[in-house]
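# Residue-level structural notes
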Amino acid sequence: MSIRIAPLQDVSAAHLEEAARILVGALSHAPSVWPDLAAARAEVATFVDNPDRLGFAAFAAERLLGWIGAIRHSGQLWELHPLVVDPPVQGRGHGRLLVTALEAAARNAGVSTIWLGTDDDFGGTSLFGVDLYPDVLESLKRLAVTTWHPYAFYRRIGYAVVGILPDAGGRGRHDILMAKRIT
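Presented here is an overview of the structure given in this document. (Residues numbered from 1 in each chain as written. Predicted model: local features only at pLDDT ≥ 70, side-chain atom pairs only at ≥ 80, totals over all residues. Heavy atoms only, no water.)

### Quick word on helix α2 (residues 37–49)
Which entries qualify depends on this criterion: Strands are runs of DSSP state E lasting at least 2 residues, helices are runs of H or I lasting at least 4, and numbering of each runs from the N terminus. To estimate the expected span of a helix, count its residues, drop one, and scale the result by 1.5 Å. For the exposure calls, accessible area comes from a 1.4 Å probe over protein chains only, and a residue counts as buried if that area is under 20% of its type's maximum, exposed if over 50%, partly exposed in between. Read the arc as the range of directions from the helix axis to the C-beta atoms. Contacts between residues were defined by any pair of non-hydrogen atoms, one from each residue, lying within 4.5 Å. Under the rule applied, a polar contact is a pair of N or O atoms within 3.5 Å (in protein, one hydrogen donor and one hydrogen acceptor; residues adjacent in sequence only if both atoms are side-chain atoms).
Taking 1.5 Å of rise per residue, the 13 residues of α2 would be expected to cover 18 Å, and the 18 Å separating its terminal C-alpha atoms lies within 8% of that figure. The set of residues buried in α2 consists of Ala40, Glu43, Val44 and Phe47. Summarising the axial view, the buried residues of α2 lie within an arc of 95°, below the 170-degree limit, and thus occupy one face. Those residues of α2 hidden inside the fold are in contact with α1 (13–26), β2 (53–60), β3 (63–72) and β4 (77–85). A distance of 3.2 Å separates the backbone nitrogen of Ala38 from a side-chain oxygen at the start of α2, and that oxygen is part of Asp36.

### Overview of the packing of aromatic side chains
Definition in use: Aromatic pairing here means that ring centres of Phe, Tyr or Trp (its six-membered ring) are within 6.5 Å. Orientation follows from the plane angle: under 30 degrees is stacked, over 60 is edge-to-face, and everything else is tilted.
Under the definition given, this model contains four aromatic pairs. Ring plane angle 70° and centroid distance 5.3 Å describe the contact between Phe47 and Trp67, whose orientation is recorded as edge-to-face. Of this pair, Phe47 sits in helix α2 while Trp67 sits in strand β3, placing them 20 residues apart in sequence. The rings of Phe153, Tyr154 and Tyr159 are connected pair by pair, giving a single aromatic cluster.

### Brief notes about the sheet that holds strand β1 (residues 3–7)
Inclusion rule: Only strands joined by at least two bridges in the DSSP assignment are considered to pair. Here an angle of 0 to 180 degrees is reported between the N-to-C directions of two axes, which are lines fitted to C-alpha atoms, with helices fitted over the stretch in contact.
The mixed open sheet is built from seven strands, whose spatial order is β1-β2-β3-β4-β5-β7-β6. Single-partner strands in this sheet number two, and they are β1 and β6 (160–165). Each strand of the sheet is rotated relative to its neighbour by a mean of 25°, with strand direction disregarded. For β1 and β2, the ladder comprises five bridges, and the chain directions are antiparallel. When the bridges of β2 are listed, Ala6 appears paired with Ala57.

### Examining the environment of Ala101
Within the element layout of this structure, Ala101 appears in helix α3 (residues 94–108). Each C-alpha atom, one on Ala101 and one on Ala58, is 9.7 Å from the other, the two residues being 43 residues apart in sequence. Among all residues touching Ala101, those that are not within four sequence positions of it are Ile5 and Phe56.

### As for the nonpolar core
The condition that has to hold: Among the buried residues, those of types Ala, Val, Leu, Ile, Met, Phe, Trp, Tyr and Cys that are joined through side-chain atoms within 4.5 Å form a nonpolar core.
In this structure, Trp78, Leu80, Tyr154 and Tyr159 are the most contacted members of the largest nonpolar core, which totals 34 residues. Looking at this core, the elements with two or more residues in it are β2, β3, β4, α3, β5 (113–120), α4 (136–140), α5 (150–156) and β7 (174–181). Counting residues per element, this core draws most heavily on α3, at five residues. Beyond its immediate chain neighbours, meaning those up to four positions away, Tyr154 contacts Leu80, Leu83, Leu116, Tyr159 and Met178. Among the nonpolar cores identified, the runner-up in size contains 18 residues, and Val11, Trp34, Leu64 and Trp67 belong to it.

What follows is the structure in structure tokens.
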């Protein structure tokens, strides 16, 4: 199956609606994200209308498989946010292709680092529900996947843990920060 990557700004209105549906469906396990289609539509629109954001969509023929976004924070730093693949086609390399496309665009723009936050507000790591204080960095050393968590995917494709924001989603619901040098 041939996969085509296209800028999110160039896709049809119907595909943007599908991107919103995928955003809700792919992240339904995480309670702190887009709770409904209206919120997801608003998020997708920011990747079309905001010059500080860009996105890429993956297609097989005319079927939208998933999409990735980036937020430009500076000339040297972009934030990967979000990455979603339609649940029925997850685990087939589409997420990796989207990350590769984003990294290529970042390199072409002179960006040196891509970073991301991967929240654990659903119990996917050993740190979920744990009070990380008073020694947050010591607690971070015990990070491991307990069920399923995107942290493991990002590690496999070269992203490193660079920090953690304790209680970002509420007490014991931390945001794991990861980054990758791409130049």
